[in-house]
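Letter by letter, the chains look like this.
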Amino acid sequence: MAYLTLKNINKIYPNGYHAVHDFSMEMEKGEFIVFVGPSGCGKSTTLRMIAGLEDISNGEFLIDGKRANEMGPRERGVAMVFQSYALYPQMTVYDNIAFGLELQGADEEYIDERVRKTAAILGLTDYLDRLPRALSGGQRQRVAIGRAIIRKVGVFLMDEPLSNLDAKQRVTMRSEITQIHRETGATTIYVTHDQTEAMTMADRIVVMKDGYVQQIGTPYELYFKPVNVFVAGFIGEPPMNFIRATVNGGAITVGEKKLDLSHKLGAKVSEYEGKEIIFGFRPESIKLGAADQAYVLDADVELTEMLGDNTNVYIRMGDLQSILKVDPHDTPETDTNIEFSVPYENVYLFDAVTEKVIE
Ligand code: ADP
C-alpha cells in the first residue's frame, strides 16, 4: 500500500484564489519525490497541506491508509526544512539540533545519542560547540536539516532548502541531501523551481504549472517521454527547441528544407494537413552533417558559446532561432552555414492547439 495518498487535493485560499487543482498521487515509503515548476505554480501550497500547515479545501489525504486531513502537524509524523533556516544565534550547534527533542521532554541520554548520530550523518561532529555565526552557509543549512531529522519521522518535507546557498554549495548539498535520504530512509518531498535539482535528486518528479500537475514520472521518463510542450521545455538545459509550422502536403518547411512528417506520424499525418504542429528537438540530440533516418537541416550560425564540456551554437533557419549543443572540438565558425541532422527518434511532435505530444 502507498504510504502517502493524495486524492484530488485542492486548495482555494480564503481570498478565492484556486492555487492547487485536483492533485492526485501515491507515494511509496522511502521515495524521494520532487515537486518542480515555476514560481507560483502551487508547490509550497501542496507541501504545506501535506505538512498540516494549510487546510485542504477539497480532496483526501491519507498517511499509511489513514485519513489525515484533520490531523495536526505533530500527529502526522512530518518534519519540515524551510528556505530560510532560522537557527538560534545564541545557541551552539549541539543545542540547535537538540532543541526539538528537548521541547518534547525527551531524556538527556536519548537526546545526546540522537544529536551525535545526527551530527555524524551531517558531518557536523567537529562543530557541535560552535555558534551559528561561526559556520559557513552550507554548514548552517546542515544544522537546519539536523534539527528536522533528529526526530524520527516518517516524512521529511523540504521547501527550497538550498536557495540561500551559492552555486557551488548547492551542488555539494544536493548530493549530501541524497545521501542523508539514503541513510534515514524517510519518505521525502522536496520543493524546487530548479530542474537540475529535480533531475539529480528525485526518484520521481512532479512537474506543476498554474496549480495543475502536468506530469509525474522518473527523471528518465520526463526527459525522454514528456507529455506536453511545457514539460518538454522545462526539463533539460538549454531547453528543447520548438518550431511551429503548418503542415502542407504532409510536410513542414523549416528554412529551406521540407521535412516529411510521415516518418514520424505514418498515416496519421493526414489528420494534421493544413493544421499547425510543433516540431521539437533537444539541442543535444542532433548530429552535425547529414545522416540517414534523420531530418537534415541547414542553418546560419549566429553565435557560439564554448563552455568546456560542450559548445552552445545559436542558429537561425529563415526567421526561426534554435540552439544546438555540440562537442567543443566541432564548434562551427560564426556567420557560416552548417548542416545538421535530427534522428527521427529524437523528434517530438506536439499538437499546436492542445500542446500535447502526438503519440
Ligand atoms: P510555489 O511554491 O510554486 O512558488 P505557492 O504554492 O507558494 O507557489 O503559491 C501558489 C499560488 O497561490 C501563488 O499564486 C500565490 O500567490 C498564491 N498564494 C499563496 N499563499 C496564498 C494565500 N495565503 N492567499 C492567497 N493566495 C496565496
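Heads up: the structure comes first, above all this text.
On a predicted model such as this, the values are computed, not experimentally measured, just so you know.

Quick notes on the rules
Residues numbered from 1 in each chain as written. Predicted model: local features only at pLDDT ≥ 70, side-chain atom pairs only at ≥ 80, totals over all residues. Heavy atoms only, no water. 1 Å grid on protein atoms, 1.4 Å probe; cavity = no way out; pocket = protein on both sides within 12 Å on 5 of 7 lines; lining within 4 Å. Points joined across faces, edges and corners; volume = space filled by probe spheres on them. Helix = DSSP H or I, 4+ residues; strand = E, 2+ residues; numbered from the N terminus. Nonpolar A, V, L, I, M, F, W, Y, C, P; charged D, E, K, R; others polar. Patch = residues over 30% accessible without salt bridge, like charges linked within 9 Å, V, L, I, M, F, W, Y side chains within 5 Å. Areas by Shrake-Rupley, 256 points an atom, 1.4 Å probe, with all protein chains shown as cover. Salt bridge = Lys/Arg side-chain N within 4 Å of Asp/Glu carboxyl O. Lys, Arg positive; Asp, Glu negative; His and termini not counted. Charge placed at Lys NZ, Arg CZ, Asp CG, Glu CD. Core = buried A, V, L, I, M, F, W, Y, C linked by side-chain atoms within 4.5 Å. Buried < 20%, exposed > 50% of the residue type's maximum accessible area, 1.4 Å probe, protein only. Contact = heavy atoms within 4.5 Å. Near = heavy atom within 4 Å. Polar contact = N/O pair within 3.5 Å; in protein donor to acceptor, adjacent residues only side chain to side chain. Pairing = 2+ DSSP bridges. Axes fitted to C-alpha atoms, helices over the stretch in contact; angles between N-to-C directions.

K.L.:
Quick rundown of empty space enclosed by the protein? Include the residues and the values.
P.N.:
Enumeration over the complete set of coordinates arrives at one cavity of 30 Å³ or more. Roughly 30 Å³ of volume is contained in the largest cavity. Around the largest cavity, the lining residues are F156, M158, I177, I180, H181, T184 and T188. Elements with a contribution of two residues or more to the lining of the largest cavity: strand 7 (155–159) and helix 5 (167–184). With four residues, helix 5 is the largest single contributor of residues to the lining of the largest cavity. Of the residues belonging to the lining of the largest cavity, the class tally is four nonpolar, three polar and no charged.

K.L.:
I'd like to hear about a negative patch on the surface, residue by residue, with values.
P.N.:
Together, D95, E102, D107, E108, E109 and E113 make up a region of like negative charge exposed at the surface. Every element with two or more residues in the negative patch is listed here: helix 2 (93–103) and helix 3 (108–122). When residues in the negative patch are grouped by element, the largest group, three residues, is from helix 3. Structurally, D107 is set in the loop between helix 2 and helix 3.

K.L.:
Account for the nonpolar core, naming residues and giving values.
P.N.:
Counting 45 residues, the largest nonpolar core has I97, V115, I145, F156, I177, Y190 and V207 as the members making the most contacts within it. Here V115 is in contact with Y94, I97, A98, L128 and I150, once residues within four sequence places are set aside. Of all hydrophobic cores here, the second largest spans 30 residues; its members include A245, L324, V347 and L349.

K.L.:
Help me get a handle on the layout of surface pockets, residues and values and all.
P.N.:
In this approach a probe as big as a water molecule rolls over the atoms, and the regions it shows empty are the leftover space. As a volume, the largest pocket reaches approximately 600 Å³. Around the largest pocket sit 22 residues that line it, and A79, M80, F82, R147 and R151 are the ones nearest its centre. Considering only residue class, the lining of the largest pocket consists of 15 nonpolar, four polar and three charged. Size it by volume and the second largest pocket reaches roughly 300 Å³. In terms of lining residues, the second largest pocket is bounded by 13 residues, among which F224, Y348, V357, I358 and E359 are the most central. At the level of secondary structure, the elements contributing two or more residues to the lining of the second largest pocket comprise helix 9 (262–265) and strand 20 (347–351). At three residues, the largest contribution of residues to the lining of the second largest pocket is made by strand 20. Of the residues contributing to the lining of the second largest pocket, the split by class is nine nonpolar, no polar and four charged.

K.L.:
Give a description of the site of the ligand that names residues and reports values.
P.N.:
Around the ligand lies a shell formed by Y13, N15, Y17, A19, P38, S39, G40, C41, G42, K43, S44 and T45. Measuring from a nitrogen atom of the ligand, one finds a side-chain N or O atom of Y13 at 3.4 Å. With respect to the ligand, the backbone of G40 contributes an N or O atom lying 2.7 Å from an oxygen atom. Taken by itself the ligand offers 560 Å² of open surface, and the protein chains cover 63% of this.

K.L.:
I'd love a proper account of the sheet that holds strand 20, names of residues and values included.
P.N.:
If you walk across this open sheet you meet the three strands as 11-14-20, and the pairing is antiparallel. Every interior strand has two partners, whereas the edge strands, strand 11 (241–246) and strand 20, have only one. Between one strand axis and the next, the sheet turns by 25° as a mean value, whatever way the strands run. As paired elements, strand 14 (residues 276–281) and strand 20 share five bridges and run antiparallel to each other. Directly across from F279, in strand 20, lies its bridge partner L349.

The quantities given are spatial measurements derived from coordinates; they are silent on function.
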